[in-house]
Amino acid sequence: MSGVVDIEALRQFRTMNLNSNWLKDLRTEVFRRMYDEPIHPANLWLTDEPVRHAEADKIYRANIRRLVVRGAYTPPAHAFPGARYIAPPDPGPTR
């Protein structure tokens, strides 16, 4: 899907709309410490093909672990396995 973006209309909206322009209300300083150091590895698939779900899950869990270690996330009181990729069953030989 594609569409034309009227940049001038966007600029007008951002400077004139007081209630629906949420970007002006962001408190980015609150997140400064969280983003002092990278969370997700830069250019991860710049030269390599993207990995499959199970391998990507390891990367994403490491990102979450980094946020916990930094104190940006507080771990829950009880550990749960959380979301994980479950491969579909092998359909067996085809005829």
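Here the structure is a predicted model, which is why all the values come from computation and not from measurement.

Draft legend 1. Main features of helix 2 (residues 53-70). Between its first and last C-alpha, helix 2 extends 26 Å over 18 residues, near the 26 Å set by a 1.5 Å rise per residue. Listed as buried for helix 2 are Ala 56, Ile 59, Ala 62, Asn 63 and Leu 67. The buried residues of helix 2 occupy an angular sector of 140 degrees when projected down its axis, which confines them to one face. Exposed residues on helix 2 whose side chains face more than 90 degrees from its buried face are His 53, Lys 58, Arg 65 and Val 69. Downstream of helix 2 by one or two residues, Gly 71 has phi in the positive range, about 90 degrees.

Draft legend 2. Examining the pattern of salt bridges more closely. A full pass over the atoms with the stated rule returns three salt bridges. Between Asp 25 and Lys 24 there is a salt bridge; the shortest N-O distance is 2.8 Å. Taking the relative accessible area as the measure of exposure, Asp 25 reaches 40% and is therefore partly exposed.

Draft legend 3. Region of the structure containing a nonpolar patch on the surface. Together, Val 5, Ile 7, Leu 10 and Phe 13 make up a nonpolar patch on the protein surface, roughly 330 Å² of accessible area in all. Relative to the helices and strands, Leu 10 is located in helix 1 (residues 7-16).

Draft legend 4. The side chain of Asn 63, seen in detail. By the secondary structure assignment, Asn 63 is in helix 2. A relative accessible area of 9% places Asn 63 in the buried class. Reaching out from Asn 63, the side chain makes a polar contact with the side chain of Arg 66 at a distance of 2.6 Å. Not counting chain neighbours up to four residues away, the residues in contact with Asn 63 comprise Ile 39, His 40 and Pro 41.

Draft legend 5. Representation of the environment of Arg 66 within the structure. Relative to the elements of secondary structure, Arg 66 occurs in helix 2. Measuring from C-alpha to C-alpha, the distance between Arg 66 and Asn 19 comes to 36 Å, with 47 residues separating the pair along the chain. Those residues in contact with Arg 66 that sit more than four places away from it in its chain are Pro 38, Ile 39 and Pro 41.

Draft legend 6. Representation of the environment of Ile 86. As for its position among the elements, Ile 86 is in the segment after helix 2. A C-alpha to C-alpha distance of 15 Å links Ile 86 and Val 51, two positions 35 residues apart in sequence.

Calculation notes
Residues numbered from 1 in each chain as written. Predicted model: local features only at pLDDT ≥ 70, side-chain atom pairs only at ≥ 80, totals over all residues. Heavy atoms only, no water. Helix = DSSP H or I, 4+ residues; strand = E, 2+ residues; numbered from the N terminus. Expected span 1.5 Å × (residues − 1). Buried < 20%, exposed > 50% of the residue type's maximum accessible area, 1.4 Å probe, protein only. Arc of directions from axis to C-beta. Salt bridge = Lys/Arg side-chain N within 4 Å of Asp/Glu carboxyl O. Patch = residues over 30% accessible without salt bridge, like charges linked within 9 Å, V, L, I, M, F, W, Y side chains within 5 Å. Areas by Shrake-Rupley, 256 points an atom, 1.4 Å probe, with all protein chains shown as cover. Polar contact = N/O pair within 3.5 Å; in protein donor to acceptor, adjacent residues only side chain to side chain. Contact = heavy atoms within 4.5 Å.

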